[in-house]
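# Reading the structure
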Amino acid sequence: MMKLPTKIYPLIKVTTFLVMVLFPLNSCKDYLDINKNPNYPTSATLETLLASVSTTTISAIGYSGYVIGSMWMQYTT
C-alpha cells in the first residue's frame, strides 16, 4: 500500500467537505415543488367564495343549535 504525503490530507479533507456540502445544493430546483397542486386555484372571486362561506356559516350555526338542542333534550328527559 502506498503512503500519501502528509500535505495531501488537508486537501483531501477540504475537497471531501466541499463535495458533501455543495453536491446537495446543485440538485434540480423543481424537486421540492411537490406541494404545488396545479388543479387548485391560488386566487378566487367573490362568486366562487360565496358557496364556501355560506356552507361554513350554516355549519357553525347548526352546530351551536345542535349543542343547545342536545342540552335542552337532556334537561327535559
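All of the points below concern the structure found in this document. Note that the structure is a prediction, hence the values are computed from the model and not measured.

Moving on, we get to the overall build of the protein. Summing up its helical and strand segments, the protein has two helices and zero strands in all. Evaluated residue by residue, the protein yields a buried proportion of 0% over its 77 residues. Approximately 8,200 Å² of the protein is accessible, and the part contributed by carbon and sulfur atoms is 70%.

Time to look at helix α2 (residues 46-76). With 31 residues, α2 should cover 45 Å at 1.5 Å per step; its first-to-last C-alpha distance of 44 Å lies within 8% of that length. Among the 31 residues that make up α2, zero are buried, leaving the element largely open to the surroundings.

Together, Val14, Phe17, Leu18, Met20, Val21 and Leu22 give the surface a local cluster of nonpolar side chains, amounting to about 600 Å² of exposed area. Along the polypeptide, Phe17 turns up in helix α1 (residues 8-25). Given a relative accessible area of 54%, Phe17 falls into the exposed group.

The rules behind each value
Residues numbered from 1 in each chain as written. Predicted model: local features only at pLDDT ≥ 70, side-chain atom pairs only at ≥ 80, totals over all residues. Heavy atoms only, no water. Helix = DSSP H or I, 4+ residues; strand = E, 2+ residues; numbered from the N terminus. Buried < 20%, exposed > 50% of the residue type's maximum accessible area, 1.4 Å probe, protein only. Areas by Shrake-Rupley, 256 points an atom, 1.4 Å probe, with all protein chains shown as cover. Expected span 1.5 Å × (residues − 1). Patch = residues over 30% accessible without salt bridge, like charges linked within 9 Å, V, L, I, M, F, W, Y side chains within 5 Å. Salt bridge = Lys/Arg side-chain N within 4 Å of Asp/Glu carboxyl O.

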